[in-house]
Each structure stands twice: as C-alpha cells, then as structure tokens.
Amino acid sequence: MTPNAPNLCSASHNVNFSGVPKVTSGPRVYGVISYGADPTGKSDSTEAILKALSDAFNGPREGSLMEGISNLGGAEIHLEGGNYLISKPLRLPDAGVGNLMIHGGTLRASDDFPTDGYLIDLSASKSSSSYNYEYITLEDLMFDSNYRGGAISVINSLRTSIDNCYIARFTSNGILVQSGHETYIRNSFLGQHITAGGDPGERNFTGTAINLMGNDNAVTDVVIFSAAVGIMVSGQANTFSGVHCYNKATGFGGTGIYLKLPGNTQTRIVNSYMDYTGIVAEDPVQLHISSSFFLGDAFIVLKSINGVAKGVNIVDNLFSGKNNGVEIVKLDQSNGAFKQIDQVFVDRNTVQGMNTRATVARASMQGNGTSWTVDFSSILLFPNLIKHVQYSFSASGSSFPNHALRNVSENRVVIESDVAVPASVFVTVDQGVTS
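The rules behind these values
Residues numbered from 1 in each chain as written. Predicted model: local features only at pLDDT ≥ 70, side-chain atom pairs only at ≥ 80, totals over all residues. Heavy atoms only, no water. Helix = DSSP H or I, 4+ residues; strand = E, 2+ residues; numbered from the N terminus. Buried < 20%, exposed > 50% of the residue type's maximum accessible area, 1.4 Å probe, protein only. Lys, Arg positive; Asp, Glu negative; His and termini not counted. Salt bridge = Lys/Arg side-chain N within 4 Å of Asp/Glu carboxyl O. Polar contact = N/O pair within 3.5 Å; in protein donor to acceptor, adjacent residues only side chain to side chain. Contact = heavy atoms within 4.5 Å. Core = buried A, V, L, I, M, F, W, Y, C linked by side-chain atoms within 4.5 Å. Pairing = 2+ DSSP bridges.

### Considerations on the side chain of Asp 38
In this fold, Asp 38 is placed in the loop between strand 1 (29–31) and helix 1 (46–57). Lys 42 provides the closest opposite charge to the buried, salt-bridge-free Asp 38, at an N-O distance of 7.1 Å. A polar side-chain atom of Asp 38 sits 2.7 Å from a polar atom in the side chain of Thr 40. Sequence-distant contacts of Asp 38, defined by excluding residues within four places in its chain, comprise Ser 43, Ser 45, Asn 83 and Tyr 84.

### Describing the pattern of salt bridges
Considering all chains together, one arrives at 14 salt bridges under this definition. Two residues, Glu 182 and Arg 159, come together in a salt bridge whose shortest N-O distance is 3.2 Å. Of this pair, Glu 182 sits in strand 9 (residues 173–191) while Arg 159 sits in strand 8 (residues 158–168); the two residues are 23 residues apart in sequence, bridging distant segments of the chain. Taking relative accessible area as the criterion, Glu 182 reaches 25% and is therefore assigned partly exposed. One salt bridge connects Arg 186 with Asp 163, and the closest N-O pair in it is separated by 3.9 Å. With a gap of 23 residues between them, Arg 186 in strand 9 and Asp 163 in strand 8 connect regions that are remote in the sequence.

### Quick look at the nonpolar core
Ile 49, Ile 77, Leu 107, Phe 143, Ile 210 and Ile 231 are the most contacted members of the largest nonpolar core, which has 90 residues in total. Counting residues per element, this core draws most heavily on helix 1, which supplies seven residues. Not counting the four nearest positions on each side in its chain, Phe 143 is found in contact with Leu 107, Leu 119, Ile 120, Ala 151, Ile 152, Cys 165, Tyr 166, Ile 167 and Ala 168.

### Here's the deal with unusual backbone geometry
If you check the backbone angles, Asn 187 has positive phi at about 50° while not being a glycine. According to the relative accessible area criterion, Asn 187 is partly exposed, its value standing at 36%.

### A short note on the environment of Ala 52
Tracing the backbone through its elements, the reader meets Ala 52 in helix 1. The class of Ala 52 is buried, set by a relative accessible area of 0%. It is 9.6 Å that separates the C-alpha atoms of Ala 52 and Ile 33, two residues lying 19 residues apart in sequence. Those residues in contact with Ala 52 that sit more than four places away from it in its chain are Tyr 30, Val 32, Tyr 35 and Ile 77.

### Examining the pairing of strand 19 (residues 285–290)
In this sheet, strand 19 lies alongside strand 16 (residues 267–270) in parallel orientation, the contact comprising four bridges. The residue of strand 19 that forms the bridge with Val 270 is Ser 290. Pairing analysis gives five bridges linking strand 19 to strand 22 (residues 308–315), with the strands arranged parallel. Across the sheet, the residue bridging to Leu 287 is Val 312, located in strand 22.

Here it is in structure tokens:
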C-alpha cells in the first residue's frame with residue numbers, strides 16, 4: 001500500500017481490518033468514514049476528518065492556480081451524509097492549495113469546543129502566496145456550533161464558495177470573512193437559534209450571522225432568521241441580492257445589514273427583504289439600495305460619523321408599516337450633523353403606513369395675494385438643504401404680474417409677486433443635485 005493516497009468513497013467505505021483507509025485509483029474523493037469518523041455523532045470525529053484533510057492536502061497536484069497556490073484538481077472531502085462531532089477547528093495542514101471541496105454532511109461542535117473557534121477554519125499562520133487558499137468550496141453542509149463560537153472562518157482567501165449550507169447555534173459569527181476577496185455565499189440559511197419568527201426570546205438574540213471584513217464579496221439568496229446583526233460589513237465593494245433578514249427586530253435592538261465602513265461604503269443592496277429589521281450605513285459613500293421590501297416599520301438609517309454622505313441611491317423600494325409615524329429613511333446625527341452632502345437621491349419609493357422621506361418633492365398651492373409659501377419640511381430628508389427649485393406660476397385674470405423665488409430656507413419655498421393676484425403655484429425641489 002502507498003501511504004497518504006486518497007481513497008475512493010463508496011458504499012463499503014473502503015475500510016480494511018487494519019483500520020487504514022484502503023488505497024484506490026481514480027477520483028480523489030476522501031470519504032471520512034473510512035478514516036474512522038463516526039457518522040452517528042456519538043464519538044469524536046475530529047482527528048479522522050483532519051487526517052482526510054491532510055491526505056487531500058498531500059495528494060496529487062496539477063499545476064497551480066494563483067502563484068503559490070497548488071491545484072488539488074478538485075479533490076473532495078466527502079462527509080457521506082453523516083453527523084460528526086467535532087472538538088476543535090478543522091484546518092488544512094498549511095496554506096497554499098486550491099480547488100478543494102468539503103461537502104455532504106453535518107458538523108457539530110462538542111461541549112468542549114473552543115468558544116473562540118470555528119468548525120471549519122480556512123486560516124494559516126503563514127503563506128508563500130499573497131493568499132492562503134483559492135477556490136475552496138463548502139457545499140451541502142449543516143453546521144451546528146452548539147453555542148460555542150462560529151461555523152466558518154475564511155481568512156485571506158480568494159474565490160471561496162459557500163453554497164447550500166445551514167448554519168445554526170453560533171455565538172460569535174456564523175461566517176467570518178476577513179481580508180482576501182471574492183467569497184460568495186449563496187442559497188444558505190443562518191440563525192443563532194432555530195426559529196421561524198415571533199420567537200419569545202428574540203430580544204436576547206446575539207452574534208452576527210455574516211461578518212464581511214473583506215472586499216468584493218457577494219451574498220445572494222440567503223435567509224438570516226436569528227442573530228443580533230444579520231450582515232456586518234466593514235469591507236468595500238460588496239453586493240447583496242435576494243437576502244431575507246428577520247434576524248432581530250429593530251424594536252429589540254437588532255439590525256439586518258450594518259454597513260460599518262465610514263466614507264468608503266461601495267455597497268449594493270438589491271431585491272432584498274428587510275423583515276422588521278433595517279439597514280444602518282455609517283457615512284455612506286457610494287451606496288445603492290433598490291428594489292427591496294421593508295416590512296413592519298423597517299427603515300434605513302444614515303448615521304453620521306464624520307458628516308459625509310455622497311453618492312447614495314435609495315430608490316424604487318417598498319415600505320410597509322403600521323401607521324406608527326416611522327420614517328422610511330432616518331438621519332442619525334448624534335455624532336454631528338451631515339456637512340458633506342452630494343449626489344444623495346432618495347426617491348420613487350412606494351410607502352404604506354410609514355412617513356415618506358425623500359430628496360425630491362413636488363407640491364402645489366393656490367392663493368390670492370403677493371406671497372406663496374410651500375413647506376417641504378415634512379418630506380425632505382435633510383433639514384435645510386434645497387439645492388434646486390423649479391416652479392411655475394399660473395395667474396388668473398388679465399394681469400401679468402412679475403414673480404420671483406425669494407427664499408428656500410428651512411425647506412420652505414417662498415415665491416412672491418409684485419401685485420396681489422389669484423394664482424396657482426407648482427413647485428419641485430431637489431436636495432440631491434450635484435454641487
């Protein structure tokens with residue numbers, strides 16, 4: 001027998017009486033049961049799975065991916081539908097490999113699993129490449145962190161895929177992505193507690209389902225059903241689509257998506273569903289939120305850190321509330337007022353049972369006199385920032401009065417004529433025009 005060679009996963013698990021995995025030729029599929037892993041979850045399977053990972057790491061390689069990353073050729077760690085008890089993080093022996101898949105089973109943290117650990121930990125103390133790993137796929141997996149730490153840690157890796165996973169009972173992060181870029185999280189479900197909404201313990205939910213501390217990542221078609229924060233973002237150029245957050249209601253202190261990168265947001269949130277929990281963006285710069293549904297008085301907060309809001313689009317969303325007077329977009333200026341405001345567009349949102357806020361507004365009024373005041377303070381987002389006004393003046397009778405825009409302070413537009421006249425005034429104002 002040749003040591004450290006891959007075994008072929010099959011119904012018989014390729015186990016011989018010596019307890020050493022049988023060597024086969026052909027596909028590089030490492031069935032963990034043949035390494036001694038217990039698929040019933042009654043005994044600890046950590047060392048068995050680590051041995052399978054080691055054999056995959058040391059198996060045949062076919063050239064390289066990025067410089068310093070060896071191509072394992074699509075080697076698979078197959079969990080064979082088992083439920084495995086894990087007592088310490090599952091790590092590859094070292095960095096510098098790619099094109100590896102772990103799939104097809106459940107990993108459950110033991111009662112002595114380290115509370116600061118992750119069930120699968122893609123990190124390394126050193127690397128010969130600028131990235132630790134490339135093209136690692138985690139697919140068709142359930143993670144039960146047993147309220148002892150997190151599920152998946154992806155550190156300084158490139159093109160990682162997390163697909164069709166169910167992640168539960170974490171206390172730190174369900175998924176942590178730090179440095180690197182292009183981690184794609186798809187078709188997955190995450191929740192600290194397994195619930196389906198209306199949980200009596202919701203106000204006590206803690207932890208973060210997805211923590212993105214890196215750039216160029218995507219979260220698509222993902223449900224986050226319990227956690228204090230659904231997605232925490234402190235990296236640039238991330239995108240979210242088809243995300244349903246009902247992790248913890250705003251009224252209980254929860255946040256669906258928290259964008260914590262003041263002045264360098266570069267985030268797109270589209271076609272998502274914020275369910276009783278909203279979005280917070282600190283000093284948003286290049287933020288796009290559209291085609292999303294906000295239910296149960298869920299709203300968006302623009303939070304001033306250094307007073308910057310630039311290149312923000314909040315358009316074409318649906319907001320549905322309970323007539324509690326909640327505004328669809330709020331300004332948090334507890335740290336100081338917004339002072340640098342440019343290209344902020346809040347418009348074309350459909351609102352029911354909430355108070356509309358916008359940067360574009362239209363109104364008309366009729367009167368007989370020399371002055372017409374149109375008050376937009378109840379709808380405009382920023383308190384005193386009308387940048388552009390268009391108006392038309394339609395007077396009755398045969399007179400041709402002179403008229404002019406006289407004042408736009410405090411979001412009130414004042415138009416005056418030189419003689420008293422019955423007239424209708426139509427006004428459009430815009431706070432988002434480029435300065």
